[in-house]
Amino acid sequence: MKYDQIDRKLFIKNRKNFMERMVPGGLAVFNANDVFPIGADSTMPFQQNRDLFYLSGVDQEEAILVLFPEAPKPEHREILFLTETNPHIAVWEGEKLTKEKAFEVSGIKTVYWLQDFEKKFFEIMAQAETIYFNKNEHYRVQGSIQTETRDDRFIKWCKEKYPAHRVAKSNPILQRLRAVKDPIELDLMQKACDITEKAFRRVLKFTKPGVWEYEIEAEYWHEMIRNRSKGFAYTPIIASGNSANVLHYTENNQQCKPGDLILLDTGAEYANYSSDMTRTIPASGKFTDRQKQVYNAVNRVKTEATKWLIPGTMWDEFHKEVGKLMTSELLDLGLLDKADVQNENPDWPAYKKYFMHGTAHNIGLDTHDYGILTEPMKANQVFTVEPGIYLPEEGFGIRLEDDVVIQEKGEPFNLMRNIPIEADEIEEIMNS
């Protein structure tokens, strides 16, 4: 790992909060993600199962975490199973976690080697009544994931091996816990945002007519890696000209032309925590009057929409208010008229012609993080705010996005407060 070691107090607290919500006699199991093959002996870079990481801080493949708060033996209430390491493995594959280092990272005292899992698991399952299985139930998944995970295989194996146990789900507990961030998590997310700021300022100095979108992407990579990030938290969007009107454009293979706007949806990760930023900049270093007019309209919507992210706000209510803000701006821009609004379909309001996506999502260990959208917003939840106006007929699209923390009182705290966003400031930096 490139990042500084995280204070294990975070993971000790997270496990405590999870176990307090388990039923009596419950036992929960969390598996690491697979290492995915590419071909021959090549593999994709490893990414840890975010739930396992949230509860343990372990960033290593093939790890298993078992939580059994009512285990008769105190040493079995929290158990880590890890691949055995030795000097030979260290030479060929690099250093793996020793039992001592695993405790240092996670605060878990009982660490067994993975080869002993079935024997130890049989012992503790004989003492448990309910087993908590871990499944990805994020609202965006909706059956779209076709890859079988280590958790999926474990569930099949466990149901066959232990059919008499009651079954429960860990995800509803994690949805609520992970949505509200600990101060340590907020510090890590601030670090990710600070790295994003450095990379964006580098790009502002680099960008000019004639550069290619992938060259801009490379500038981001350079600055992120040199600041101890693994790189982008998600596939970056570097969209010049009309490509900005493709919401999930990721080809990043076009040359930036004079007069183009370039939409940059780019955020660094740090310690597995995401940032998610969007800025739109002029390739030539200066907005046209029309571009600036639309840009400032989007920025006003973002500023006013952010004020609605307070404790107690409901998700649907928030988006209705943003729709009103956007409708007003589109009327002023001449993109809508009163008849469009009066005759609109309530299920697809008139403003959706130019702003068709949502305004916010939870962010944390996942870029689209856990959070139950039917419950009121709470302090220390972190949301993006990302309105946009897309004008394919005019050859450009504009989106602006920051990451903000809901406060107990008052407006949210902007983790991206230091990242340039005002049109005049962007022009000034690009031309300095």
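Residues numbered from 1 in each chain as written. Predicted model: local features only at pLDDT ≥ 70, side-chain atom pairs only at ≥ 80, totals over all residues. Heavy atoms only, no water.

Concerning the packing of helix 8 (residues 183-206) against helix 9 (residues 213-225)
Where helix 8 contacts helix 9, the two axes come as close as 8 Å, and the packing angle between them is 140 degrees. By the criterion of interaxial angle, the relationship of helix 8 to helix 9 is oblique. The way helix 8 lies across helix 9 gives a crossing that is right-handed. Side by side, helix 8 and helix 9 meet where Ile195, Lys198, Ala199, Phe200, Arg202, Val203 and Phe206 of the first sit next to Glu215, Ile216, Glu219, Tyr220, His222, Glu223 and Met224 of the second. In terms of residue class, the contact of helix 8 with helix 9 is built from eight nonpolar, one polar and five charged. (Axes fitted to C-alpha atoms, helices over the stretch in contact; angles between N-to-C directions. Helix = DSSP H or I, 4+ residues; strand = E, 2+ residues; numbered from the N terminus. Parallel < 35°, antiparallel > 145°, perpendicular 65-115°, else oblique. Left-handed = near helix turned anticlockwise from the far one by under 90°. Contact = heavy atoms within 4.5 Å. Nonpolar A, V, L, I, M, F, W, Y, C, P; charged D, E, K, R; others polar.)

Observations concerning the domain arrangement of the protein chain
Quoted interface sizes are often the accessible area lost when the parts come together. Splitting the protein chain by domain gives domain 1 (8-179) and domain 2 (183-431). Between the C-alpha centres of domain 1 and domain 2 there is a distance of 35 Å. For the pair domain 1 and domain 2, the summed buried area comes to about 1800 Å², and 52% of that belongs to carbon and sulfur atoms. Its largest share of buried area at the contact with domain 2, domain 1 owes to Arg50, Arg178 and Ala179, together 31% of the area lost on that side. Asp366 is the salt-bridge partner of Arg178, the closest N and O atoms lying 2.8 Å from each other. Counting across the interface, domain 1 meets domain 2 through 12 residue pairs in polar contact (both at pLDDT 80 or more). For the side of domain 1 that touches domain 2, the secondary structure elements donating two or more residues are helix 2 (50-56) and helix 7 (171-179). When residues in the side of domain 1 that touches domain 2 are grouped by element, the largest group, six residues, is from helix 7. In terms of residue class, the side of domain 1 that touches domain 2 is built from seven nonpolar, five polar and six charged. (Domains from an automatic or database assignment. Buried area = accessible area lost by both parts, 1.4 Å probe. Salt bridge = Lys/Arg side-chain N within 4 Å of Asp/Glu carboxyl O. Polar contact = N/O pair within 3.5 Å; in protein donor to acceptor, adjacent residues only side chain to side chain.)

Comments concerning the pairing of strand 4 (residues 64-67)
Here is the key point about a regular strand: its side chains alternate between the two faces of the sheet. Burial of the side chains of strand 4 extends over both faces: Ile64 and Val66 are buried on one face and Leu65 and Leu67 on the other. Bridge analysis of strand 1 (residues 26-31) against strand 4 gives four bridges, and the strand direction is antiparallel. When the bridges of strand 4 are listed, Asn31 appears paired with Ile64. Where strand 4 lies against strand 5 (residues 78-82), four bridges are found, and the strand directions are antiparallel. Across the sheet, residue Leu65 finds its bridge partner in strand 5, namely Leu80. (Buried < 20%, exposed > 50% of the residue type's maximum accessible area, 1.4 Å probe, protein only. Pairing = 2+ DSSP bridges.)

A look at empty space enclosed by the protein
All told, the structure shown has two cavities of 30 Å³ or more when counted by the stated rule. Size it by volume and the largest cavity reaches roughly 70 Å³. As for the largest cavity, its lining consists of Gln175, Arg176, Ala179, Val180, Ile372, Glu375, Pro376, Lys378 and Gln381. Per-class residue counts for the lining of the largest cavity are four nonpolar, two polar and three charged. The residue makeup of the lining of the largest cavity includes at least three contributed by each of domain 1 (8-179) and domain 2 (183-431). As a volume, the second largest cavity reaches approximately 60 Å³. Considering only residue class, the lining of the second largest cavity consists of six nonpolar, two polar and one charged. (1 Å grid on protein atoms, 1.4 Å probe; cavity = no way out; pocket = protein on both sides within 12 Å on 5 of 7 lines; lining within 4 Å. Points joined across faces, edges and corners; volume = space filled by probe spheres on them.)

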